[in-house]
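Remarks on the overall topology
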Amino acid sequence: MSAEYVVTPPPVVGLPVVGSSEKFPVRRIYCVGRNYAAHAREFGHDEKLPPFFFAKAADMIVPDGATVPYPPLTQNYHHEVELVAAIGKGGANIAADKALEHVYGYAVGFDMTRRDVQQAAAKNGKPWEVGKSFDNSAPCGPVYPVAQVGHITSGKIQITVNGQVRQSSDINLMIWDVAHIIEHLSQQVTLGPGDLIFTGTPEGVSAVVKGDVMVGSVETLGTLTVKVG
Ligand code: MN
């Protein structure tokens, strides 16, 4: 027990960095809602609205290769495979044409969702929080530095469950690209090194159950494998 705190401080959550023995420390996790037109349409929404955001806590991260317990409250537990941008340099009111300078690297992430709970909350005019922000709700693969893979503006994004393709699209179909996501988000909050931005999911979200194995991928960023236990 630290002498300076009345309870033990939480540990820093670190993601592996490809090609390095050092880790990427996670500060905040933001997620973009409805960032692929075909996914917005599968829930009956117009795709032309500005991006909007919700948050998860850093300790909701799950590493590659983990098994996550089936979460409480839900009977419709959904995968959403997403490109994740890892912020290396913070700032507020960042212009889109400078925004990519703030990105350290990219990863594959799953914005795990209690869909039934999310939709019930939304229907009642309540926040998405209970449907989106819960233990183990943010699986994230290793961070690939921009120095190695460049910026991710196109390429295949996919998730399979037990070997069957459930979501398959292209990063270039995002409504708001990473630069414009950062521009919008940094008007809302000051971004800091260590922030992760889950950039939204394409169409094809569906339920997983105990025993399912999810393998997500984004071209050049490897795979993220998570089992539901
Ligand atoms: Mn999502």
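Above this text is the structure in question.
Computed from a predicted structure; not experimentally measured. (Residues numbered from 1 in each chain as written. Predicted model: local features only at pLDDT ≥ 70, side-chain atom pairs only at ≥ 80, totals over all residues. Heavy atoms only, no water.)

1. As for the packing of aromatic side chains
On inspection of all chains with the given rule, the structure shows 5 aromatic pairs. With 5.2 Å between their ring centres and 70° between their planes, Tyr 70 and Tyr 77 make a pair best called edge-to-face. Its relative accessible area of 28% is what places Tyr 70 among the partly exposed residues. The class for Tyr 77 is buried, based on a relative accessible area of 1%. An aromatic cluster of three or more residues is present, and its members are Phe 52, Phe 54 and Trp 128. (Phe/Tyr/Trp six-rings, centres within 6.5 Å; stacked < 30°, edge-to-face > 60°. Buried < 20%, exposed > 50% of the residue type's maximum accessible area, 1.4 Å probe, protein only.)

2. A short note on the side chain of Lys 132
Within the secondary structure layout, Lys 132 lies in helix α4 (residues 129–132). At 2.8 Å, the side chain of Lys 132 and the side chain of Thr 113 are in polar contact. Apart from the residues within four sequence positions on either side, Lys 132 is in contact with Phe 54, Lys 56, Glu 80, Asp 111, Met 112, Thr 113, Arg 115, Gln 118 and Ser 137. (Helix = DSSP H or I, 4+ residues; strand = E, 2+ residues; numbered from the N terminus. Polar contact = N/O pair within 3.5 Å; in protein donor to acceptor, adjacent residues only side chain to side chain. Contact = heavy atoms within 4.5 Å.)

3. Brief notes about the state of the cysteines
A complete count under the given rule lists 0 disulfides for this structure. Free of any disulfide, Cys 31 has its nearest neighbouring cysteine sulfur in Cys 140, separated by 10 Å. Judged by relative accessible area, Cys 31 falls into the buried class, the value being 0%. Of the residues examined, Cys 140 reaches a relative accessible area of 1% and is grouped as buried. (Disulfide = S-S within 2.5 Å.)

4. What about the sheet that holds strand β7 (residues 77–79)?
Spatial ordering of the open sheet is given by β10-β7-β16, a layout of 3 strands whose pairing is antiparallel. Of all the strands in the sheet, the pair left with one neighbour each is β10 (113–114) and β16 (206–207). Across 2 bridges, β7 lies against β16 in antiparallel orientation. By the bridge assignment, His 79 is partnered in β16 with Ser 206. (Pairing = 2+ DSSP bridges.)

5. Let's talk about the environment of Val 228
Mapping Val 228 onto the fold places it in strand β18 (residues 223–228). For Val 228, a relative accessible area of 0% gives the class buried. Separated by 74 residues in the primary sequence, Val 228 and Ser 154 have C-alpha atoms spaced 29 Å apart. In this structure, Val 228 is in contact with Thr 67, Val 68, Tyr 70, Tyr 77, Val 208, Val 209, Lys 210, Gly 211, Asp 212 and Met 214, ignoring residues within four places of it in sequence.

6. Concerning the pattern of salt bridges
The tally for this structure, following the rule as stated, stands at 5 salt bridges. When the shortest N-O distance is used, the salt bridge between Lys 132 and Asp 111 registers 2.9 Å. On the criterion of sequence distance, the pair formed by Lys 132 in helix α4 and Asp 111 in the loop between β9 (103–110) and β10 is long-range, its members being 21 residues apart. A cluster of three or more residues bridged by salt bridges with shared partners is formed by Lys 56, Glu 80, Asp 111, Arg 115 and Lys 132. (Salt bridge = Lys/Arg side-chain N within 4 Å of Asp/Glu carboxyl O.)

7. Quick notes on the sheet that holds strand β17 (residues 213–218)
Spatially, 5 strands are ordered β6-β18-β17-β13-β14 in an open sheet, and the strand pairing comes out mixed. The strands lining the two open edges of the sheet, one partner per strand, are β6 (67–68) and β14 (164–170). Note: strand β13 (residues 156–161) against β17, 5 bridges, orientation antiparallel. Note that in β17 the partner of Thr 160 across the bridge is Val 215.

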